[in-house]
Amino acid sequence: MTQEPFGARLRRAMDTRGPLCVGIDPHASLLTSWGLNDDVAGLERFTRTVVEALAGRVAVLKPQSAFFERFGSRGIAVLEKAVEEARAAGALVLMDAKRGDIGSTMGAYAATYLDKDSPLFSDAVTVSPYLGFGSLRPALDAAEISGSGVFVLALTSNPEGAEVQRATAADGRPLAQLMLDHMAAENEGATPLGSVGAVVGATLGDAGVDLAINGPLLAPGIGAQGATPADLPGVFGDAVRDVLPSVSRGVLRHGPDAAGLREAAERFADEVRAAVSDG
Ligand SMILES: O=C(O)c1cc(=O)[nH]c(=O)n1[C@@H]1O[C@H](COP(=O)(O)O)[C@@H](O)[C@H]1O
């Protein structure tokens, strides 16, 4: 059976479960504050708690691969299990791996995250286009085949990003705009939403670029990095309805209590709904 495209599945998940992505970022400091050891057993317990509390409720879970990779193969095994269990509970899994390389190597990353037969197969993956948008072609093609999605960095939430992303490209456009225009071309004609998303930080004040890519806009930076759901209309303007806000530490700090995690996620989703309907 052909998988329904990611954009359509995401739109439905956001409508039914609420417009929120919760990041699974097992920082050493969070493991400690949850009363866990900073080891594989702690990682496993932390991840299982988040998945059990939230995978049946939130639209998207976004594990940050680095926090699992730092434990080597046993950390990756925890990540594989989390992806499988979160998807089985109905959450879409966005693997935050931020991969980017020459096209031939990008093919191997695509096989890792976007091929149905891979143990790390996810609903979507984050990638960097700053080796040239065309270097992402293997990932874009693999996503189309498996009905998965690709989130491409455009304007990241960190202040250092601007020196690259707002630099002027050869044709006079800001580099981020050039990338967004490539994304819009990939999503042309898709309904209700394309499967190529952009990453645009919620911390930016006013994005200052044209965000009409007909695809989802992942907005990290809410919570620990200082942005709030109320900032979203100012950053995204008319595109705010396609925004998928992402929160990691702002939710995770309410663990290990499952009810605390759920309440925090619900509160953020409610605040996002209110901000979007006012915006
Ligand atoms: O792609 C991302 O998710 C991402 C892009 C970006 O521009 N900024 C950003 O913070 N992120 C990720 O989003 C998460 C933010 O975590 P918190 O600041 O704890 O909510 C981290 O996993 C970051 O790696």
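Residues numbered from 1 in each chain as written. Predicted model: local features only at pLDDT ≥ 70, side-chain atom pairs only at ≥ 80, totals over all residues. Heavy atoms only, no water.

Taking an unreviewed UniProt entry as the reference, the protein chain is identified by name as Orotidine 5'-phosphate decarboxylase belonging to Streptomyces laculatispora. In its Pathway (unreviewed entry) section, the UniProt record describing the protein chain reads: "Pyrimidine metabolism; UMP biosynthesis via de novo pathway; UMP from orotate: step 2/2." Per UniProt, the protein chain has the following entry under Catalytic activity (unreviewed entry): "orotidine 5'-phosphate + H(+) = UMP + CO2". (UniProt positions renumbered as here; feature names shortened; annotations may be inferred.)

Turning our eyes to something else, we now look at the UniProt feature "domain: Orotidine 5'-phosphate decarboxylase" (unreviewed entry) in the protein chain. If you check UniProt for "domain: Orotidine 5'-phosphate decarboxylase" (unreviewed entry), the listed places come out as residues 19-264 in our numbering. Split by type, residues 19-264 is 39% helix and 17% strand. Its first and last C-alpha atoms lie 14 Å apart. (Helix = DSSP H or I, 4+ residues; strand = E, 2+ residues; numbered from the N terminus.)

This paragraph deals with the packing of helix α6 (residues 103-113) against helix α7 (residues 137-146). Following both chains from N to C, one finds α6 and α7 inclined at 35°, their axes separated by 7 Å at the closest point. The two elements α6 and α7 meet at a crossing, and its hand is right-handed. Between α6 and α7, the residues in contact are Gly103, Met106, Gly107 and Ala110 and Pro138, Ala139 and Ala142, respectively. Within the contact of α6 with α7, the residues separate by chemical class into five nonpolar, two polar and no charged. (Axes fitted to C-alpha atoms, helices over the stretch in contact; angles between N-to-C directions. Left-handed = near helix turned anticlockwise from the far one by under 90°. Contact = heavy atoms within 4.5 Å. Nonpolar A, V, L, I, M, F, W, Y, C, P; charged D, E, K, R; others polar.)

Another point: helix α1 (residues 6-17). Between the first and last C-alpha of α1 there are 16 Å, a value that for 12 residues agrees with the 16 Å anticipated at 1.5 Å per step. As for α1, its buried residues are in contact with β2 (60-63), α5 (73-88), β3 (92-99), β4 (124-127), β5 (149-155) and β8 (243-247). The positive-phi residue at the C-terminal boundary of α1 is Gly18, with phi of around 105°. (Expected span 1.5 Å × (residues − 1).)

Turning to the pattern of salt bridges, a few remarks are in order. As enumerated under the stated definition, the model contains 17 salt bridges in all. Its salt-bridge partner being Arg70, residue Asp38 comes within 2.7 Å of it at the nearest N-O pair. Of the two residues, Asp38 sits in the loop between α2 (28-33) and α3 (40-54) while Arg70 sits in the loop between α4 (65-69) and α5, which places them 32 residues apart along the sequence. The partly exposed category is assigned to Asp38, whose relative accessible area is 39%. For the salt bridge of Lys62 with Asp96, the shortest nitrogen-to-oxygen distance reads 2.9 Å. With a gap of 34 residues between them, Lys62 in strand β2 and Asp96 in strand β3 connect regions that are remote in the sequence. When its relative accessible area of 3% is taken as the criterion, Asp96 is described as buried. Several salt bridges converge on common partners, so that one network encompasses Glu44, Arg48, Lys81 and Glu85. (Salt bridge = Lys/Arg side-chain N within 4 Å of Asp/Glu carboxyl O. Buried < 20%, exposed > 50% of the residue type's maximum accessible area, 1.4 Å probe, protein only.)

Now for the environment of Asp39. With respect to the secondary-structure elements, Asp39 resides in the loop between α2 and α3. Put simply, Asp39 and Phe71 are 32 residues apart on the chain and 7.6 Å apart in space, counted from C-alpha to C-alpha.

Let's shift gears to the site of the ligand. Taken together, 17 residues are adjacent to the ligand, and Asp25, Lys62, Ser157, Gln225 and Arg249 come closest. In this structure, Asp25 approaches the ligand through a side-chain N or O atom, which is 2.6 Å from an oxygen atom. One nitrogen or oxygen atom from the side chain of Lys62 is found 2.8 Å from an oxygen atom belonging to the ligand. About the coverage of the ligand: the protein hides 90% of its 500 Å² of free accessible area. (Near = heavy atom within 4 Å. Polar contact = N/O pair within 3.5 Å; in protein donor to acceptor, adjacent residues only side chain to side chain. Areas by Shrake-Rupley, 256 points an atom, 1.4 Å probe, with all protein chains shown as cover.)

What follows covers α7. Since one α-helical turn is 3.6 residues long, residues separated by three or four positions face the same way. Every buried residue of α7 is accounted for by Ala139, Leu140, Ala142, Ala143 and Ser146. Buried residues of α7, viewed axially, fall in a sector of 165°; they line one side. Residues of α7 that are exposed and angled more than 90 degrees away from the buried face: Glu144 and Ile145. Residues of α7 that are buried in the fold lie against α6, β5, α9 (175-187) and β6 (196-200). (Arc of directions from axis to C-beta.)

Bringing the side chain of Ser157 into the picture now. With respect to the element layout, Ser157 can be found in the loop between β5 and α8 (162-165). For Ser157, a relative accessible area of 18% puts it in the buried group. Among the polar contacts listed, one links the side chain of Ser157 to the side chain of Gln225, at a separation of 2.7 Å. Those residues in contact with Ser157 that lie beyond four places of it in its chain are Gly201, Thr203, Pro220, Gly221 and Gln225.

Another aspect to go through is the pairing of strand β7 (residues 217-220). Of the two faces of β7, the one lined by Leu217 and Ala219 and the one lined by Leu218 and Pro220 are each fully buried. As paired elements, β6 and β7 share two bridges and run parallel to each other. Along β7, the bridge assignment pairs Ala198 with Leu217. Pairing geometry for β7 and β8, over four bridges, is parallel. Bridge assignment links Pro220 to a residue of β8, and that residue is Ser246. (Pairing = 2+ DSSP bridges.)

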